2 protein chains.
Amino acid sequence: MVLKVRKKVVALPGCPMSKCMNLLGGCWTPEVLWSLSEGPRRFSELRRDSPFISAKVMTSRLRDLEHRGVLTRNVMPTSPPTVEYELTGLGKELLPAIRSIVAVGSRLLLRDSTA
Amino acid sequence: MVLKVRKKVVALPGCPMSKCMNLLGGCWTPEVLWSLSEGPRRFSELRRDSPFISAKVMTSRLRDLEHRGVLTRNVMPTSPPTVEYELTGLGKELLPAIRSIVAVGSRLLLRDSTA
DNA sequence: CGGTATCCAACACGATACTG
DNA sequence: CAGTATCGTGTTGGATACCG
């Protein structure tokens, strides 16, 4: 099992920050979005990107994001079913925030290893 | 009671995003940091900024952020005790990410009202 | 492959009451 | 003013097993 830090995110509707945090505040949500940021990916690819996310949570996160219009789910009618997830315009609008988060995180990591 | 959306944030150590989300992924954490972004504030001021945060959560959030080095807690030896919270350098490093989040959220709100 | 259903335990939150 | 302690509650995520 992976070391985990869990916290809850509660947000107030109508405020900009909440508007955004509602979309990316979910458990593992930023990771999923990040995986999708460079193009469409399949379910199993996403799972490989983030092996520590259980299938249940991955599914629920994807469904959630789909309902919120952040990504689309395309089922290809192949013999072994293939499903592709892709960010929508709305999803892509979230990327700057995610990139900022990653950028800040990277700086913090550097700082740690430097210190 | 306020409409709430709750989600958990689980993060993996060693990855930039987790590094940052660990710091601002907590419940109400972005709101608190945002309140502090323009200068030191007292406990009661913070509570007024975000009336929907219970005292217990506010305290725990502040303690947490203090331990992580995101903010400092200064107790002034006045007769009614006065406590001021202020962002540290680390805390200020998080602001760009928060600003991005707010910026994206604002755009999303506009989009909503326009649509 | 891409899920879904069930069970389960862990938190983390809100409310309340009390303190220096 | 600025908390802390306690209780009760509910959501949520992990694990496991199963399906088209």
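Fair warning: this is a prediction, and the values are worked out from it, not measured in the lab.

*Asks:* Lay out the sheet that holds strand 3 (residues 71-76) of chain A in plain terms, naming residues and giving numbers.
*Replies:* To summarise the sheet geometry, strands pair through backbone hydrogen bonds and adopt either a parallel or an antiparallel arrangement. All names here are of chain A. Pairing is antiparallel in the open sheet, where three strands are placed in the order 2-4-3. The sheet is open, and its two borders are formed by strand 2 (41-42) and strand 3, each paired with just one other strand. Across the sheet, helix 4 (residues 55-67) lies against strand 3 and strand 4 (82-87), angled at about 115 degrees from strand 3, the strand it touches most.

*Asks:* Give me the lowdown on the protein's contact with DNA strand C, citing residues and values where you can.
*Replies:* Close to DNA strand C lie 21 residues; Thr59, Arg73 and Tyr85 of chain A together with Lys56 and Arg61 of chain B are nearest. Between a base oxygen of DNA strand C and a side-chain N or O atom of lysine 56 of chain B, the distance comes to 2.3 Å. Looking at the surface near DNA strand C, the elements that each hand over two or more residues are helix 3 (43-49), helix 4 and strand 4 of chain A together with helix 4 (55-67) of chain B. Among the residues forming the surface near DNA strand C, the class breakdown is nine nonpolar, four polar and eight charged.

*Asks:* Describe the sheet that holds strand 3 (residues 71-76) of chain B, naming the residues involved and giving the relevant values.
*Replies:* Residue and element names in this part refer to chain B. An order of 2-4-3 is seen for the three strands of this open sheet, with the pairing classed as antiparallel. The open sheet has two edge strands, strand 2 (41-42) and strand 3, and neither has a second partner. For strand 2 and strand 4 (residues 82-87), the ladder comprises two bridges, and the chain directions are antiparallel. Bridging across to strand 4, arginine 41 finds its partner in tyrosine 85. Most of the contacts of helix 2 (residues 29-36) go to strand 4, to which it runs at about 95 degrees, and overall it touches strand 2, strand 3 and strand 4.

*Asks:* How would you sum up the packing of helix 1 (residues 16-24) of chain A against helix 2 of chain B? Please name residues and give values.
*Replies:* Close contact between helix 1 of chain A and helix 2 of chain B brings their axes to 10 Å; oriented N to C, the two are set at 150 degrees. Relative to helix 2 of chain B, the element helix 1 of chain A lies roughly antiparallel. Taken as a pair, helix 1 of chain A and helix 2 of chain B cross one another with a handedness that is right-handed. Listed contacts from helix 2 of chain B to Met17, Ser18 and Met21 of chain A of helix 1 of chain A are Pro30, Glu31 and Trp34 of chain B.

*Asks:* Help me get a handle on the pattern of salt bridges, residues and values and all.
*Replies:* Counted under the stated rule, the structure contains seven salt bridges over all chains. For the salt bridge of arginine 107 of chain A with glutamate 93 of chain B, the shortest nitrogen-to-oxygen distance reads 2.9 Å. With arginine 107 of chain A in helix 5 (residues 89-114) and glutamate 93 of chain B in helix 5 (residues 89-114), the pair connects residues from two separate chains. Its relative accessible area of 42% is what places arginine 107 of chain A among the partly exposed residues. Of the charged contacts, one joins aspartate 49 of chain B and arginine 41 of chain B as a salt bridge, the two residues approaching to 2.7 Å between their closest N and O atoms. A relative accessible area of 32% means that aspartate 49 of chain B is categorised as partly exposed.

Thresholds, definitions, all that
Residues numbered from 1 in each chain as written. Chains lettered and ligands numbered in written order. Predicted model: local features only at pLDDT ≥ 70, side-chain atom pairs only at ≥ 80, totals over all residues. Heavy atoms only, no water. Pairing = 2+ DSSP bridges. Helix = DSSP H or I, 4+ residues; strand = E, 2+ residues; numbered from the N terminus. Contact = heavy atoms within 4.5 Å. Axes fitted to C-alpha atoms, helices over the stretch in contact; angles between N-to-C directions. Near = heavy atom within 4 Å. Polar contact = N/O pair within 3.5 Å; in protein donor to acceptor, adjacent residues only side chain to side chain. Nonpolar A, V, L, I, M, F, W, Y, C, P; charged D, E, K, R; others polar. Parallel < 35°, antiparallel > 145°, perpendicular 65-115°, else oblique. Left-handed = near helix turned anticlockwise from the far one by under 90°. Salt bridge = Lys/Arg side-chain N within 4 Å of Asp/Glu carboxyl O. Buried < 20%, exposed > 50% of the residue type's maximum accessible area, 1.4 Å probe, protein only.

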